[in-house]
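# Examination of the molecular architecture
One-letter residues, chain by chain:
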Amino acid sequence: MRALCWEGVGKLAVRDVPEPRIRAEGDIIVKVRASSVCGSDLHLINGFLPAMREGDILGHEFMGEVVETGPGVRRLAVGDRVVVGSVVACGGCWYCRTEQYSLCDNSNPQPVFTEKLWGHSPAGILGYSHAAGGYSGSHAEYIRVPFGDVGAFKVPDGVPDDSVVFASDAMPTGWMGADFCGLTGGEVVAVWGAGGVGQMAARAAQLLGAERVIVIDRLPERLGTAADRLGVETINYAETDVLEALREMTAGRGPDACIEAVGMESHDVGPAYAYDKAKQTARLQVDRPTSVRQAIMACRKGGTVSIVGVYAGLVDKFPLGAAMNKALVLRMGQMHAQRYIPMLLDRIAAGEIDPGYLATHPMPLEQGARGYEMFEKKEDGCLRSVLHPA
Amino acid sequence: MTSNGTRWALLGATTATAVGVGRLVARRRRRHQPDRQDGWYVVRRGITVDRPVDAVIGFWTDRERLDRALAEWATLEQLDENRWRCVAIDPAGGGTEWRAELTVDGPGRLSWRITDGPVPQEGHVDLVAAPQDRGTEIRAELRYRGGGPLRRALGLARGDEPDLGLRDALRRIKSLIETGQVVDTRHDPSGRSPAQEQATDKVRERLTTGGRA
Ligand SMILES: NC(=O)c1ccc[n+]([C@@H]2O[C@H](COP(=O)([O-])OP(=O)(O)OC[C@H]3O[C@@H](n4cnc5c(N)ncnc54)[C@H](O)[C@@H]3O)[C@@H](O)[C@H]2O)c1
Ligand SMILES: [Zn+2]
Ligand SMILES: [Zn+2]
């Protein structure tokens, strides 16, 4: 079959690879119909998250059709149209039982790396390097999904592939970011990053009761899309002092909750950014935490900072004093896909969220490398390239 | 219905077998050496399984599951009421064989001793109810003798491999009890040549074996 493979830092190519096979009772094989790029892939492609091997198949945000099921699969049948959560969860451990799926104990068969780096190993993630289990990804004609009953969900008829595909990753991630904020109604929520994840976090915050949502980015097209589609307010950080603006917009209080949906390749203007970038390039620090710092400084006293942008290692100049003295609540994590997907599918079907607009650039799998280039350089207003193998 | 003793023996056999076969986990370097006591290396490792103690013991009644756990490389034979003999062959090949004797010492404890094999070894497993609603703690202690020309010949010159094996075995046992399988991504498709795939398998092995740093 054809698949988009990583061939070294910054290099992708479509190759002929063997087809996956059922290897365990709970496995299913999914014929991929739509497979999206994600901001996390950029961290992998650019070598910021280590443990990629030449030839690894990328892709973890996808949907398709079940074409084969292992003998232990109960909930799904051949022919089902499904969306699959990026995070692999066994369904049988304490973390899965308590719906903390991205912390699953049994789904990363290669836990040594992350145990050394972080003390414990979280769940495996499809198409996400050998640190996250070494699973093949979804930018391919077929993919093996372990624990199919736990990770794959039938999608409602009538919802297009290029819309429901985002229930795999961007939507649950954004939802979790807003869920962490513990909204009770009437809050002001600021969201850093107007990518797929930030946009979905902004929508989730609205649905969970926020009265005002303010989205921060530097890309006018993305900010424009967020304003048009979601009716949020926006700040362009390249033109405006973000801390000043947020203080003014909230009459001095600061946002009640701040969601960070940017991640470790966070960009900034000014000297601190040059410092971070130099250190990151020299591998003295893995992550560039510009937007996290800003979120902590901006957040109101006693508010919540919710981080769903991905970080991997150590950061520098973390304003711990601000977080401590303002008594902030910090929440963060990889998303618990399986907890949110059924609810999100209902909301899509009910028309409460329509993520289809994120799919700005549908294209054949064969053009995958170009799709990533457009996504990374944000060319032509690209929010997400969605690859179609067939 | 299998007796409780037998279930116990099966759990022990799985642990002991995986641990005893040192070659599986050789060639890994760790900085610290295990504790030593009277000429024995001693390692203790524990893992928490999200099932009550009864269920952890009960799990081993399922013969089919057990065969999957022990794979093709071990057999178990009952000697008397509380004793079993386990014979295992090195699954990595090379014809190494060893024998162990397993004894059920009480409702929550089982011990084993290698009677014939490349590494002198003994150990025991305790099952303890975990606090809160967290299931069962499987606590294992392993004692083995280090050094020796035979160990060096087998590539086991350093004293830490049984520790890695023990951690790996506990992780597998937990996964089997909680999910009925142990996930494996070794044969997932990739764009690698056979030579690249072989090199990647070595990396996978290093990232798989050991755990709990
Ligand atoms: N927690 C999870 O489970 C999970 C799941 C999916 C994605 N992610 C992470 O979420 C993040 C966003 O993903 P995405 O797909 O939306 O990526 P994306 O690259 O499409 O969007 C990131 C956006 O952040 C903007 N940005 C950069 N620096 C900024 C700054 N200092 N302030 C404000 N905005 C800034 C960029 O201009 C871009 O629009 C990534 O780090 C990704 O790895 C996390
Ligand atoms: Zn993602
Ligand atoms: Zn689990």
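Position numbers for residues start from 1 in each chain and track the written sequence from start to end. Whichever chain is written first becomes A and whichever ligand is written first becomes 1, with later ones labelled in order. Two thresholds apply to this predicted model, a pLDDT of at least 70 for residue-level local features and 80 or more for giving and counting side-chain atom pairs, whereas whole-chain, interface and lining totals are computed over all residues. Values reported for side chains reflect all heavy atoms of the structure, with hydrogen atoms and water molecules removed beforehand.

## Observations regarding the overall build of chain B
Within chain B, the regular secondary structure consists of 6 helices and 8 strands. The numbering of helices and of strands both runs from the N terminus, where a helix is a DSSP run of H or I of at least 4 residues and a strand a run of E of at least 2. Walking chain B from its N terminus toward its C terminus, one meets helices and strands in the order α-β-β-α-α-β-β-β-β-β-β-α-α-α. Throughout, exposure labels follow a simple rule: accessible area from a 1.4 Å probe, protein chains only, divided by the maximum for the residue type, with under 20% read as buried, over 50% as exposed, and the rest as partly exposed. Burial analysis of chain B (213 residues in total) assigns 51% to the buried set. By definition in these notes, contact holds between two residues if any of their heavy atoms fall within 4.5 Å. The contacts of chain B with a sequence gap of at least 6 include a subset with a gap of at least 24, amounting to 58%. Computed with the Shrake-Rupley method and a 1.4 Å probe, the accessible areas treat only the protein chains shown as cover for residues. Summed over its atoms, the accessible surface of chain B is roughly 9800 Å², and 47% of this surface lies on carbon and sulfur atoms.

## Looking at the overall build of chain A
When its secondary structure is counted, chain A shows 14 helices and 15 strands. In summary, chain A has a C-alpha radius of gyration of 20 Å against a globular reference of 21 Å for 390 residues, a match within 12%. Here the C-alpha coordinates of chain A stretch approximately 60 × 45 × 45 Å along the principal axes. By the burial criterion, 61% of the 390 residues in chain A qualify as buried. Considering only intrachain contacts with a sequence separation of at least 6, the fraction spanning at least 24 residues in chain A is 71%. Accessible surface for chain A amounts to roughly 14200 Å². Of this, 51% is attributable to carbon and sulfur atoms. With 38 positive and 47 negative side-chain charges, chain A shows a spacing of 4 Å between the two charge centroids. Using C-alpha atoms as the atom set, the radius of gyration is obtained and then compared with a globule rule of 2.2 Å times the number of residues to the power 0.38. For the purpose of charge, His is not counted, nor are the chain termini; Lys and Arg are scored as positive and Asp and Glu as negative. Every charge is mapped onto a representative atom, which is NZ of Lys, CZ of Arg, CG of Asp or CD of Glu.

## Details of the coordination of the zinc ion (ligand 2)
Four donors placed tetrahedrally about a metal ideally form angles of 109.5 degrees, and six donors placed octahedrally ideally form angles of 90 or 180 degrees. Residues and elements named next belong to chain A. Metal donors: N, O and S atoms at distances within 2.8 Å, or within 3.2 Å for Na, K and Ca, with water omitted from the atom set so that some sites may seem incomplete. Around the zinc ion (ligand 2), the protein supplies C38 (SG), H60 (NE2) and D169 (OD) as donor atoms, at distances of 1.8 to 2.3 Å. Taken in sequence order, the residues that donate to the zinc ion (ligand 2) follow the motif C-x21-H-x108-D. A residue pair is termed long-range when its members are at least 10 positions apart, and C38 in the loop between β3 (28-36) and α1 (39-45) and D169 in the loop between α5 (161-164) and α6 (170-179) qualify at 131 residues. Taking relative accessible area as the criterion, C38 reaches 3% and is therefore assigned buried. When its relative accessible area of 6% is taken as the criterion, D169 is described as buried.

## Digging into the pairing of β3 of chain A
Residue and element names in this part refer to chain A. Taken across its 9 residues, β3 has 7 buried, putting it largely inside the fold. As paired elements, β3 and strand β4 (residues 61-69) share 8 bridges and run antiparallel to each other. Bridge pairing in β4 links V32 to G64. Any two strands are treated as partners once DSSP identifies two or more bridges connecting them. Relative to strand β6 (residues 142-145), β3 runs antiparallel, the two being bridged by 4 bridges. Looking at β6, one finds that K31 is bridged to Y142. With 2 bridges joining them, β3 and strand β15 (residues 385-388) adopt antiparallel strand pairing. By the bridge assignment, S36 is partnered in β15 with V386.

## Notes on the coordination of the zinc ion (ligand 3)
All names here are of chain A. Protein-derived coordination of the zinc ion (ligand 3) comes from C90 (SG), C93 (SG), C96 (SG) and C104 (SG), at a distance range of 2.3 to 2.4 Å. With 4 donor atoms in place around the zinc ion (ligand 3) and angles of 99 to 117° between them, the coordination shape is tetrahedral. The sequence pattern formed by the donor residues of the zinc ion (ligand 3) is C-x2-C-x2-C-x7-C. Comparing C90 with C93, the two get one shared label, buried. Each label reflects the angles at the metal, where four donors whose angles all fall between 85 and 135 degrees are tetrahedral, four or six donors whose opposite pairs open beyond 155 degrees and whose other angles stay between 65 and 115 are square planar or octahedral respectively, and the rest are irregular.

## A short note on helix α13 (residues 337-349) of chain A
Residue and element names in this part refer to chain A. Between its terminal C-alpha atoms α13 stretches 18 Å, which fits the 18 Å expected from 13 residues at 1.5 Å a residue. Every buried residue of α13 is accounted for by A337, Q338, Y340, I341, L344, L345 and I348. Summarising the contacts, the buried residues of α13 are in contact with β5 (81-84), α4 (148-151), β7 (152-154), α5 and α6. A positive phi of about 80° marks G351, the residue just after α13. By this rule, a helix spans an expected 1.5 Å times one less than how many residues it contains.

## Details of unusual backbone geometry
Residues and elements named next belong to chain A. You will see that A251, though not glycine, has its phi angle at about 50°, which is positive. Its place among the elements puts A251 in the loop between α9 (242-249) and β11 (257-260). The phi torsion at K378 lies on the positive side, around 55°, for a residue other than glycine. Inspection of the secondary structure puts K378 in the loop between α14 (368-377) and β15. A relative accessible area of 21% means that K378 is categorised as partly exposed.

## Details of the domain arrangement of chain A
All names here are of chain A. The domain architecture assigned to chain A consists of domain 1 (2-169 + 335-388) and domain 2 (174-332). Computed over C-alpha atoms only, the centres of domain 1 and domain 2 are separated by 25 Å. Listed per partner, the contact involves 28 residues of domain 1 and 24 residues of domain 2. Taken together, both faces of the contact between domain 1 and domain 2 bury some 2300 Å²; the carbon and sulfur share is 63%. A salt bridge links D179 to R339; the nearest nitrogen and oxygen atoms lie 3.9 Å apart. Looking at the side of domain 1 that touches domain 2, the elements that each hand over two or more residues are α1, α3 (112-118) and α13. Here the side of domain 1 that touches domain 2 is composed, by residue class, of 17 nonpolar, 6 polar and 5 charged. Domain limits in this description derive from either an automatic procedure or a database domain assignment. Defined in terms of a 1.4 Å probe, buried area is the accessible area two parts forfeit on being brought together, summed over both. For salt bridges, the criterion is a side-chain nitrogen of Lys or Arg within 4 Å of an Asp or Glu carboxyl oxygen. All residues other than Ala, Val, Leu, Ile, Met, Phe, Trp, Tyr, Cys, Pro, Asp, Glu, Lys and Arg, Gly among them, are scored as polar; the first ten of these are nonpolar and the last four charged.

## Observations regarding the interface of chain B and chain A
Taken together, the contact between chain B and chain A spans 34 residues of the former and 39 residues of the latter. Here chain B packs against chain A, burying approximately 3100 Å² in sum over the two surfaces, 49% of which is carbon and sulfur. If you sort the residues of chain B by the area they bury against chain A, V183, P189 and L207 of chain B come out on top, with a joint share of 21%. For the pair chain B and chain A, the interface holds 5 salt bridges. Between D56 of chain A and R192 of chain B there is a salt bridge, with the nearest N and O atoms lying 2.7 Å from each other. Side-chain atoms alone can form a polar contact between residues adjacent in sequence; in general such a contact is a pair of N or O atoms within 3.5 Å, and within protein one must be able to donate a hydrogen while the other accepts it. At the boundary of chain B with chain A, the tally comes to 20 residue pairs in polar contact (both at pLDDT 80 or more).

## Points about the packing of aromatic side chains
A pair of aromatic rings is counted whenever rings of Phe, Tyr or Trp (Trp by its six-membered ring) have centres within 6.5 Å, and the orientation is called stacked for planes under 30 degrees apart, edge-to-face for over 60 and tilted otherwise. According to the stated counting rule, one finds 2 aromatic pairs over all chains in the structure shown. The ring of F375 of chain A has K378 of chain A sitting right over it, with the charged end atom 4.6 Å from the ring centre. Comment: the charge-over-ring label is applied if NZ (Lys) or CZ (Arg) is within 6 Å of the ring centre and within 35 degrees of the ring normal.

## Some remarks on the site of ligand 1
All names here are of chain A. Only heavy atoms are used to decide nearness, and a residue is near a molecule or strand if one of them lies within 4 Å of it. For ligand 1, the set of nearby residues contains 32 residues, the closest of which are S40, D217, R222, H267 and M335. The contact in question runs from an oxygen atom of ligand 1 to an N or O atom on the backbone of V310, over 3.1 Å. Within the backbone of G333, an N or O atom sits 3.1 Å from a nitrogen atom of ligand 1. Burial of ligand 1 by the surrounding chains reaches 96%, relative to a free accessible area of 870 Å². Top contributing element to the shell around ligand 1 by residue count: α1, with 3 residues.

## A word on the packing of α6 of chain A against α13 of chain A
Residues and elements named next belong to chain A. Note on method: axes are straight lines fitted to C-alpha atoms, helices fitted across the in-contact stretch only, with angles between N-to-C directions ranging 0 to 180 degrees. It is the contact of α6 with α13, at a shortest axis distance of 9 Å, that shows an interaxial angle of 105°. For the element pair α6 / α13, the angle class is roughly perpendicular. Of the residues in α13, those in contact with M171, P172, W175, M176 and D179 of α6 are A337, R339, Y340, I341, M343, L344, R347 and I348. Residue composition of the contact of α6 with α13, grouped by class: 10 nonpolar, no polar and 3 charged. Reported orientations rely on four angle classes, namely roughly parallel under 35 degrees, roughly antiparallel over 145, roughly perpendicular from 65 to 115, and oblique for the rest.

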